[in-house]
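Here's the letter readout for the chains.
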Amino acid sequence: MDVRTVSISATVADGPVAFGKVARVTTLRLRPEGPADEAPVARVLAAAFARPDVATPPEVGLVEELRHSPAWIPELAMVAEYGGEVVAYALLTRVGVRTDRGTLPALALGPVAVARHRQRLGHGTAAVQAALDAATELGERLVVVLGDPAYYRRFGFGPAVRLGLTSPWSGLGEPWQALVLPPSASGEPPPPAGEVVFPAPWSRV
Ligand SMILES: CC(C)(COP(=O)(O)OP(=O)(O)OC[C@H]1O[C@@H](n2cnc3c(N)ncnc32)[C@H](O)[C@@H]1OP(=O)(O)O)[C@@H](O)C(=O)NCCC(=O)NCCS
């Protein structure tokens, strides 16, 4: 299993406000999920995406279905562990791009979730970047995401329409984003313009 660690320096309130804010360094362990992580990952997802109108948010079922589907790439289901606890999750799974050269492989990012008590400490950023780095190492070239551009632009995501990529969500505009990963030794070019086809589990969300 490919395990990386990252040290994150975050300025956080530390103790009574009277004592001010201090820089605290956190060491996260980033690694692909294993069987023992399934329940903790479901708990992180359920809390991060909790909504008053549903008992279990659809992102929990989405990950469970993807995990048992051909879209699953074990190396790209990234957990961030802090003090032995799963605190963040970033998932990349297979999608296809229908192009004039046939359907070519790409990746979709999501869900991305951080345990509520550990949000805004850099864990989400670290988990996403670790997943993207692992994808680059595997020779992947294109990642799409539906999310807030204010968050995803830090990784290099930009409007997917600029790359000619469409999807059921492209009408939403800015949240439909894509990232071309650096070329690997395999030398495969990124898929050209086309329609991004998401596997069936995505119809849940
Ligand atoms: C969104 C989320 C993954 C971010 O992870 P995180 O560890 O809390 O965030 P990080 O510490 O890595 O990054 C903090 C930055 O993200 C921004 N950010 C946090 N949550 C955000 C959100 N929902 N939308 C946009 N930006 C957000 C912060 O403003 C901060 O920006 P700055 O660096 O410019 O100050 C996490 O807060 C979460 O799980 N939220 C609930 C589930 C969710 O919305 N997932 C994303 C679906 S697209």
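Residues numbered from 1 in each chain as written. Predicted model: local features only at pLDDT ≥ 70, side-chain atom pairs only at ≥ 80, totals over all residues.

For the protein, the name recorded in an unreviewed UniProt entry is Acetyltransferase, with Micromonospora tulbaghiae as its organism.

Brief notes about the overall build of the protein
Counting its secondary structure elements, the protein contains four helices and 10 strands. The linear arrangement of helices and strands in the protein, starting from the amino end, is β-β-α-α-β-β-β-α-β-α-β-β-β-β. Against the 2.2 N^0.38 benchmark of 17 Å for 205 residues, the protein shows a C-alpha radius of gyration of 17 Å, consistent with a compact globule. Along the first, second and third principal axes, the C-alpha atoms of the protein reach 60 × 40 × 35 Å. Out of the 205 residues in the protein, the part that is buried amounts to 36%. (Helix = DSSP H or I, 4+ residues; strand = E, 2+ residues; numbered from the N terminus. Rg over C-alpha atoms; globule rule 2.2 N^0.38 Å. Buried ≥ 20, exposed ≤ 12 C-beta atoms within 10 Å, placed from the backbone.)

Some details on the site of the ligand
Lining the immediate environment of the ligand, one finds 16 residues, of which Gln 119, Gly 124, Thr 125, Gly 147 and Tyr 151 sit closest. For the shell around the ligand, the elements supplying multiple residues, two or more each, are β5 (102-114), α3 (123-137) and α4 (149-152). By residue class, the composition of the shell around the ligand is eight nonpolar, six polar and two charged. (Near = placed C-beta within 6 Å. Nonpolar A, V, L, I, M, F, W, Y, C, P; charged D, E, K, R; others polar.)

Brief notes about α3
Taking 1.5 Å per residue, 15 residues should reach 21 Å; α3 reaches 21 Å between its end C-alpha atoms and fits that length. Burial analysis of α3 places 11 of its 15 residues in the buried class, the great majority of the element. Of all the residues in α3, the buried ones are His 123, Gly 124, Thr 125, Ala 126, Ala 127, Val 128, Ala 130, Ala 131, Leu 132, Ala 134 and Ala 135. Positive phi appears at Gly 139, one or two residues downstream of α3, with a value of about 90°. (Expected span 1.5 Å × (residues − 1).)

Some points on helix α1 (residues 38-48)
All of the buried residues along α1 are Val 41, Val 44 and Leu 45. On an axial view of α1, the arc spanned by its buried residues comes to 95°, and they lie on one face. Packed against the buried residues of α1 are α2 (58-67), β3 (77-82), β4 (85-99) and β5. (Arc of directions from axis to C-beta. Contact = placed C-beta atoms within 7 Å.)

A look at the nonpolar core
If you look at the biggest cluster of nonpolar residues, it comprises 56 residues, and the most contacted ones within it are Met 78, Tyr 89, Ala 127, Ala 131, Val 143 and Val 144. Looking at this core, the element that brings in the most residues is β4, giving nine residues. (Core = buried A, V, L, I, M, F, W, Y, C linked by C-beta atoms within 7 Å.)

Things to note about the pairing of β4
Sheet topology note: the β3/β4 ladder contains six bridges and is antiparallel. Pairing of Met 78 across the sheet is with Ala 90, part of β4. Strand direction decides the pairing type here: β4 and β5, joined by 11 bridges, are antiparallel. The partner of Val 97 across the bridge, within β5, is Leu 104. (Pairing = 2+ DSSP bridges.)

Section: the pairing of β5
The hairpin turn running from β4 into β5, its antiparallel successor, is two residues long. Bridging between β5 and strand β6 (residues 142-146) involves three bridges; their strand directions are parallel. Paired with Leu 107 across the strands is Val 143, a residue of β6. In this fold, β5 hands off to α3, which returns the chain to β6; that crossover is right-handed. (Right-handed = clockwise from strand over helix to strand, strands pointing away.)

Details of the environment of Ser 203
Mapped onto the elements, Ser 203 comes out in the segment after β10 (194-197). Taking the C-alpha atoms as reference points, Ser 203 and Leu 179, separated by 24 residues in sequence, lie 22 Å from one another.

Observations concerning the packing of α1 against α2
In contact at an axis separation of 8 Å, α1 and α2 are set at 150° when each is read in the N-to-C sense. For the pair α1 and α2, the crossing hand works out as right-handed. Facing Val 41, Ala 42, Leu 45 and Ala 46 of α1, the residues of α2 in contact are Glu 59, Val 60 and Val 63. Residue composition of the contact of α1 with α2, by class: six nonpolar, no polar and one charged. (Axes fitted to C-alpha atoms, helices over the stretch in contact; angles between N-to-C directions. Left-handed = near helix turned anticlockwise from the far one by under 90°.)

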